[in-house]
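Observations on chain architecture
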Amino acid sequence: MMSEHGQREEKAGMQPLGDWRRSHTCGQLTLADNGREVCLMGWVQYRRDHGGLIFVDLRDRHGLTQAVFSPDIAPEAHAGAHVIRSEFVLALRGRVRPRPEGMANPGMPTGDVEVVVLDWKLLNTAKTPPFQIEDRIEAGENLRLQWRYIDLRRPRMAANLALRSRMALAVRQELADQGFLEIETPILTKSTPEGARDFLVPSRLNHGDFYALPQSPQLFKQLLMIAGLDRYFQIARCFRDEDLRADRQPEFTQIDIEMSFADENQVMDMAEALMRRIFADVLGVALPRSFPRLTWEEAMLRYGLDKPDTRFGLELVDITGAVRQSGFKVFAAAPQVKALRVPGGESLSRKEIDDLTEFVKIYGAQGLAWIKIRENEWQSPIAKFLSDEEKTAITRLAGLVPGDIVFFQAGEPAMVNASLGNLRARLGVQLGLIPENSWNFLWVTDFPLYEYDGEAKRFVACHHPFTAPSAASLECMATDPAAAKARAYDLILNGNEVGGGSIRIHTAAIQRRMFAALGFSEAAAEEEFGFFMQALEYGAPPHGGIAFGLDRLAMLLCGAASIRDVIAFPKTQKATDLLSGAPAPVAAGQLRELGLRLRETARDEDMGASD
Ligand code: ASP
């Protein structure tokens, strides 16, 4: 039995493309083409019957063109046009003419003209799409992902993918100009330690063994430097099996770069030139010759975050010293106390302050102390605990003036910085402090070499274990890990981390010292990274590199709200692909070939209980 759709296809009288070829896109024709015979192909956006005339807006990824079927000019073409419906695929031959007086559409690049159809072909019919193909219509995201090929027909989505493609081209052109080679590295590989969980692929030919999908091409790009390839880049897919936050994807794309015989300054110069090229080619925006730099320490001190948005002020102030003897015990006893002065914030309502208090709890704060500064009065639940001396010191340190509100956070520096830093970022948006169309790049440098992992109860690499320690930290790597600094740098754009990299360890001795400091036994280091340690012993040049998040950069350049809007086929928060249905069960035979057997759910639970 033929389906209803099939019957409709048959009835509609579809025709083959034959020798028809497009002469123009649907976004191209203007008054300059008046009188020209053209051939357009695309999808029907709208069809309107207006008395004798039938109008069709034909759409492709370049735009819309109005076509007119007229019974006077081409009776045969007009007679057949009644079958046309939304999303049917048409080929039109016709003549360009100006739209009649008063009918021009200045909002549309092709809005001054229309094409009078002389002949046309129905290339395909279409079912009614699950949502309308228009920028304005916001279908739910799950529906959009399930019907992604329909969603991508929307002009904004097509424009996002086109911008992303121009970015990739600018990257290739700039890096080729700078003497970089584009080299691919394996997808089926050994685990690389970027600090996330690996995706594993079972080996059919070696039962019980697994490949890991690369979290990044880190070790391979370093091996390419040891191989003498000198300057490498790759627009590389990376895989990290993490719980997904709003702007993360389990597979994402990096512009991955490595260069030999280079120090931090050369990597940063290369990266700045790359950003300038992307912004010039893609947006026509001229970026400055060099980007400001902040050490990690200063970024944390002034902004509380290692990716500060420097498009507005509201800097944090450390007042720990001023409240050491405070009658307010929460301040006196805290390892660190910081203040965030908000000019004009005196007008915040109790409700608004309560909302901000709830907000900082996400970052581990118990509450949020505040003082409103009025002429001759500090209005606050805590003001009575503060001595005049303390008030004078805080006023001086934070630069308080009447009309301000000042927020405080007291406790461990990590919590103090996270809560006030994120509060600052939120207030920047809430109070409208962020100028439009500004692109603030910033380097954050001199990161700590390690960070303490409270769960694992040990130090882990802050960047990754191949990051070189600063010269001054070589000695204290093992003895005072908390103080050791890395030759690592992040590139921040408007408060987003868009890139990160480092100068690498290039001698086996220091790499060994690094693994030891991270708590790897010699045998464990050998087992995991033996091949790499060996390579370091065969003439590794000094080298360093960086990787940029292509998805995030594209998102920022498009002004999109989510990285999913710049990825053709993204996954949901639960790492599923709603279009293809991945991940999905596989046939028992496939598992058998791989030497795998699934555990029964019930048995799983038993084992979970006794694990
Ligand atoms: N491999 C690092 C990352 O993916 C970047 C780098 O160090 O070049 O974060």
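A short note on the site of the ligand
As a structural note, the neighbourhood of the ligand is formed by 13 residues, with Glu194, Gln218, Lys221, Gln254 and Arg504 the closest of them. Residue Gln218 places a side-chain N or O atom 2.6 Å away from a nitrogen atom belonging to the ligand. With respect to the ligand, the side chain of Arg240 contributes an N or O atom lying 3.0 Å from an oxygen atom. Its free accessible area being 270 Å², the ligand has 92% of it covered by the protein chains. Mapped by element, the contributors of at least two residues to the shell around the ligand are helix 6 (218-226), strand 21 (496-503) and strand 22 (543-549).

Details of the packing of aromatic side chains
Across all of its chains, the model carries 18 aromatic pairs by this definition. Ring plane angle 90° and centroid distance 6.1 Å describe the contact between Trp443 and Tyr489, whose orientation is recorded as edge-to-face. Placement of Trp443 in strand 17 (residues 441-445) and of Tyr489 in strand 20 (residues 488-493) is noted, with a sequence separation of 46 residues between them. In terms of burial, Trp443 and Tyr489 fall into one category: buried. Aromatic side chains Phe466 and Phe532 sit 5.3 Å apart centroid to centroid with 75° between the ring planes, which places their arrangement in the edge-to-face category. In this pair, Phe466 sits in the loop between strand 19 (458-461) and helix 13 (476-479) while Phe532 sits in helix 15 (residues 522-536), placing the two residues 66 residues apart along the sequence. Comparing Phe466 with Phe532 shows no difference in burial state: the two are buried. Linked through ring pairs, Phe466, Phe515, Phe520, Phe529 and Phe532 together constitute an aromatic cluster.

A short note on a nonpolar patch on the surface
There is a patch of nonpolar side chains on the surface, built from Tyr149, Phe569 and Leu579 and spanning about 290 Å² of accessible area. Mapped onto the secondary structure, Tyr149 falls in helix 4 (residues 148-151). Overall, Tyr149 belongs to the partly exposed group, its relative accessible area being 43%.

Here's the deal with the side chain of Thr320
Mapped onto the secondary structure, Thr320 falls in the loop between strand 12 (316-318) and helix 9 (329-332). When sequence neighbours within four positions are dropped, the list of residues in contact with Thr320 reads Ala334, Pro335, Gln336 and Val337.

Things to note about helix 6
For the α-helix, the turn length of 3.6 residues means that residues three or four positions removed from each other point alike. The element helix 6 is extensively covered by neighbouring structure, given that seven of its nine residues are classed as buried. Listed in full, the buried residues belonging to helix 6 are Gln218, Leu219, Lys221, Gln222, Leu224, Met225 and Ile226. Buried residues belonging to helix 6 abut strand 9 (231-239), strand 10 (251-260), helix 15 and strand 22. Once helix 6 ends, the next one or two residues include Gly228, with phi positive near 90°.

Details of the nonpolar core
Where a protein is soluble and globular, its nonpolar side chains tend to be buried together. In terms of nonpolar packing, the biggest core is built from 61 residues, with Ile257, Met275, Ile278 and Phe548 touching the most fellow members. Considering each element in turn, this core owes the most residues, nine residues, to helix 7 (residues 264-283). In contact with Ile257, not counting residues within four places along its chain, are Leu175, Phe180, Lys221, Tyr232, Phe233, Met270, Leu274, Arg504, Gly545, Ile546 and Phe548. Counting residues in hydrophobic clusters, the runner-up holds 24 residues, among them Val56, Leu58, Leu92 and Trp120.

Structural notes on the packing of helix 5 (residues 155-177) against helix 7
Across the interface, helix 5 lies against helix 7 with an axial gap of 9 Å and an inter-helix angle of 140°. Our classification of the angle between helix 5 and helix 7 gives oblique. Judged by the sense of rotation from one axis to the other, the crossing of helix 5 with helix 7 is right-handed. The segment helix 5 lies against helix 7, with Leu163, Arg166, Met167, Ala170, Val171, Gln173, Glu174, Leu175 and Asp177 engaging Met270, Ala273, Leu274, Arg277, Ile278, Asp281, Val282 and Leu283. Its residues placed into classes, the contact of helix 5 with helix 7 shows eleven nonpolar, one polar and five charged.

Some words on unusual backbone geometry
The step from Ala582 to Pro583 runs through a cis peptide bond, and the omega angle for that step is -5°. Residue position: Pro583 is located in the loop between helix 16 (550-558) and helix 17 (588-594). We note that Asn376 has phi near 60°; this positive angle belongs to a residue other than glycine. A relative accessible area of 83% places Asn376 in the exposed class.

Observations regarding helix 7
Its 20 residues give helix 7 an end-to-end C-alpha distance of 28 Å, which sits within 8% of 28 Å, the value for a rise of 1.5 Å per residue. Three or more residues of helix 7 are buried, namely Val267, Met268, Met270, Ala271, Glu272, Ala273, Leu274, Met275, Arg276, Ile278, Phe279 and Val282. Two to three positions downstream of the cap, the backbone nitrogen of Asn265 sits 3.0 Å from a side-chain oxygen, assigning the N-cap of helix 7 to Asp263.

A few points about the pairing of strand 10
A large share of strand 10 lies buried, amounting to nine of its ten residues. Of the strand pairs in this sheet, strand 9 and strand 10 are connected by nine bridges, and their pairing is antiparallel. Directly across from Phe239, in strand 10, lies its bridge partner Glu251.

Let's talk about the environment of Ser216
With respect to the helices and strands, Ser216 occurs in the loop between strand 8 (210-212) and helix 6. Sequence spacing of Ser216 and Gly27 is 189 residues, and the spatial spacing of their C-alpha atoms is 39 Å. Residues within four places of Ser216 in sequence aside, it is in contact with Thr192, Glu194, Cys238, Arg240 and Gln254.

Observations regarding the pattern of salt bridges
On inspection of all chains with the given rule, the structure shows 35 salt bridges. Between Arg97 and Glu114 there is a salt bridge; the shortest N-O distance is 2.9 Å. Here the residue Arg97 occupies a position in strand 4 (residues 89-98), and Glu114 occupies one in strand 5 (residues 113-124), the gap between them amounting to 17 residues. The exposure class assigned to Arg97 is partly exposed, which follows from its relative accessible area of 30%. Each member of the salt-bridge network shares a partner with another, and the members are Arg144, Arg148, Asp151, Arg154 and Asp565.

Re the sheet that holds strand 5
Taken in spatial order, the five strands close into a barrel running 1-2-3-5-4, and their pairing is mixed. Averaged over neighbouring strand pairs, the angle between their axes works out to 55° when direction is ignored. Note: strand 1 (residues 37-50) against strand 2 (residues 53-60), seven bridges, orientation antiparallel. Across the sheet, residue Tyr46 finds its bridge partner in strand 2, namely Asp57.

Regarding the side chain of Lys571
Following the sequence through the fold, Lys571 ends up in the loop between helix 16 and helix 17. A distance of 2.8 Å separates the side chain of Lys571 from the side chain of Glu251, its partner in a polar contact. Ignoring anything within four residues of it in the chain, the contact list for Lys571 reads Gln249, Pro250, Glu251, Arg564, Thr576 and Asp577.

About the criteria used
- Residues numbered from 1 in each chain as written.
- Predicted model: local features only at pLDDT ≥ 70, side-chain atom pairs only at ≥ 80, totals over all residues.
- Heavy atoms only, no water.
- Near = heavy atom within 4 Å.
- Polar contact = N/O pair within 3.5 Å; in protein donor to acceptor, adjacent residues only side chain to side chain.
- Areas by Shrake-Rupley, 256 points an atom, 1.4 Å probe, with all protein chains shown as cover.
- Helix = DSSP H or I, 4+ residues; strand = E, 2+ residues; numbered from the N terminus.
- Phe/Tyr/Trp six-rings, centres within 6.5 Å; stacked < 30°, edge-to-face > 60°.
- Buried < 20%, exposed > 50% of the residue type's maximum accessible area, 1.4 Å probe, protein only.
- Patch = residues over 30% accessible without salt bridge, like charges linked within 9 Å, V, L, I, M, F, W, Y side chains within 5 Å.
- Salt bridge = Lys/Arg side-chain N within 4 Å of Asp/Glu carboxyl O.
- Contact = heavy atoms within 4.5 Å.
- Core = buried A, V, L, I, M, F, W, Y, C linked by side-chain atoms within 4.5 Å.
- Axes fitted to C-alpha atoms, helices over the stretch in contact; angles between N-to-C directions.
- Parallel < 35°, antiparallel > 145°, perpendicular 65-115°, else oblique.
- Left-handed = near helix turned anticlockwise from the far one by under 90°.
- Nonpolar A, V, L, I, M, F, W, Y, C, P; charged D, E, K, R; others polar.
- Expected span 1.5 Å × (residues − 1).
- Pairing = 2+ DSSP bridges.

From the geometry alone we can't say anything about function, so treat these as descriptive.
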